[in-house]
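Analysis of the macromolecular model
Here is what each chain is made of, one letter per residue.
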Amino acid sequence: MRQKIVAGNWKMNKTLNEGLKLTTEIVNMVADEVRGDVKVILAPPYIHLTQLNGQIKNADRIFLGAQNCSQHKSGAFTGEISAEMLASVGVSYVLVGHSERREYFNESNLQLASKIDIALENNLLPIFCCGESLDIRESGKYEAFICNQIKESLFHLNEEQFSKIVIAYEPIWAIGTGKTATSEQAQEVHAAIRKFIAGQYGGEIAESLSILYGGSCKPDNAKELFSCPDVDGGLIGGAALKSRDFTDIVKSF
Ligand code: 13P
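All figures in this text were calculated on a predicted structure; none of them were measured in a lab.

1. Remarks on the side chain of Glu 132
With respect to the secondary-structure elements, Glu 132 resides in the loop between strand 5 (125-130) and helix 6 (134-139). Within the local environment of Glu 132, its side chain forms a polar contact with the side chain of Arg 137, the two groups lying 2.9 Å apart. A distance of 2.9 Å separates polar atoms of two side chains, one belonging to Glu 132 and the other to Trp 173. Beyond its immediate chain neighbours, meaning those up to four positions away, Glu 132 contacts Arg 137, Tyr 142, Phe 145, Ile 146, Tyr 169, Glu 170, Pro 171, Ile 172 and Trp 173.

2. Points about the sheet that holds strand 5
Strand order in the closed barrel formed by eight strands is 1-2-3-4-5-6-7-8, with parallel pairing between adjacent strands. Pairwise comparison of adjacent strand axes, ignoring direction, gives a mean angle of 25 degrees for this sheet. Sheet topology places strand 1 (residues 4-9) next to strand 8 (residues 233-236); four bridges connect them, and they run parallel. Within the sheet, the bridge partner assigned to Ala 7 lies in strand 8 and is Leu 235. This element, helix 7 (residues 142-154), spans strand 5 and strand 6 (166-169) of the sheet and lies at about 150 degrees to strand 5.

3. Describing the site of the ligand
Neighbouring the ligand are 13 residues, the closest being Lys 11, His 98, Gly 176, Ser 216 and Gly 238. For the ligand, whose unbound accessible area comes to 310 Å², protein coverage reaches 96%. A breakdown of the residues in the shell around the ligand according to their chemical character gives four nonpolar, seven polar and two charged.

4. Observations regarding the nonpolar core
Judged by nonpolar contacts, the single largest core of 67 residues is most densely connected at Ile 150, Leu 154, Ile 167, Ile 193 and Ile 197. Sequence-distant contacts of Ile 150, defined by excluding residues within four places in its chain, comprise Phe 128, Cys 130, Phe 155, Ile 167, Ile 193, Phe 196 and Ile 197. Judged by nonpolar contacts, the second largest core, of 11 residues, contains Ala 7, Tyr 93, Leu 95 and Leu 212.

5. Let's talk about the pattern of salt bridges
Considering all chains together, one arrives at 14 salt bridges under this definition. Two residues, Glu 132 and Arg 137, come together in a salt bridge whose shortest N-O distance is 2.9 Å. Arg 137 carries the same exposure label as Glu 132, and that label is buried. Where Arg 194 meets Asp 232, a salt bridge forms, and the shortest distance between an N and an O atom there is 2.9 Å.

6. A few points about the pairing of strand 6
Burial along strand 6 is two-sided: Val 166 and Ala 168 facing one way and Ile 167 and Tyr 169 facing the other are all buried. Sheet topology note: the strand 5/strand 6 ladder contains four bridges and is parallel. Paired with Cys 130 across the strands is Tyr 169, a residue of strand 6. Here three bridges tie strand 6 to strand 7 (residues 211-214), and the two strands are oriented parallel to one another. Paired with Ile 167 across the bridge in strand 7 is Ile 211.

Calculation rules
- Residues numbered from 1 in each chain as written.
- Predicted model: local features only at pLDDT ≥ 70, side-chain atom pairs only at ≥ 80, totals over all residues.
- Heavy atoms only, no water.
- Helix = DSSP H or I, 4+ residues; strand = E, 2+ residues; numbered from the N terminus.
- Polar contact = N/O pair within 3.5 Å; in protein donor to acceptor, adjacent residues only side chain to side chain.
- Contact = heavy atoms within 4.5 Å.
- Pairing = 2+ DSSP bridges.
- Axes fitted to C-alpha atoms, helices over the stretch in contact; angles between N-to-C directions.
- Near = heavy atom within 4 Å.
- Areas by Shrake-Rupley, 256 points an atom, 1.4 Å probe, with all protein chains shown as cover.
- Nonpolar A, V, L, I, M, F, W, Y, C, P; charged D, E, K, R; others polar.
- Core = buried A, V, L, I, M, F, W, Y, C linked by side-chain atoms within 4.5 Å.
- Buried < 20%, exposed > 50% of the residue type's maximum accessible area, 1.4 Å probe, protein only.
- Salt bridge = Lys/Arg side-chain N within 4 Å of Asp/Glu carboxyl O.

Such coordinate-based values are descriptive only and should not be taken to indicate function.
Okay, structure coming up:
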């Protein structure tokens, strides 16, 4: 059985007090309402991590994620946060290569390969994000584009390292637009990713890899998306900022 995961990416939203309130609500709702083997990951802004860790430490199923980390170990990189620092405040997962990081901060596949390495060295579990723009979708070459993102950032890993990776497929045209990929579109890409991974790492590792869908995932479409055979959960943006919506998505399996 593959691990089912729902991760909330808060992006640059919520003050500390707002974030603590949201977390309290999610912790309570998940404890009261969620059954079964699903992992819930909260990825708030960096400066909320320490206090959120205090809130979720004793909560079943809930883990802390960061939205990014530096590819450098330490030193003179003003404004950056290292993987080691994240681990030291209780972070378990880290998003690597979100499309907003790629687009607004020019993160390249090779730079992301370094971030993956340093995350793993510090026992953080990377959630590697990939996905195509509308132009690439319309050109029909999206599968090749996504496979290349994966190859350039992940295929230097050995099998043991690769088995720690979670992949999130987030078509850029579906992020924050209200335009979700259909379940057929999501399944098609997820199956293609799994097949590509199987070609490099073998069927067993590919079968145990969790692949999340992200992009306008909401309570009313999560059930259909999560019922696809190769969709193992979601990476949620907007709907992760509302405790009711987020918990309802967690309950969609
Ligand atoms: P939305 O759910 O707001 O479309 O954002 C998806 C996303 O980018 C999660 O990382």
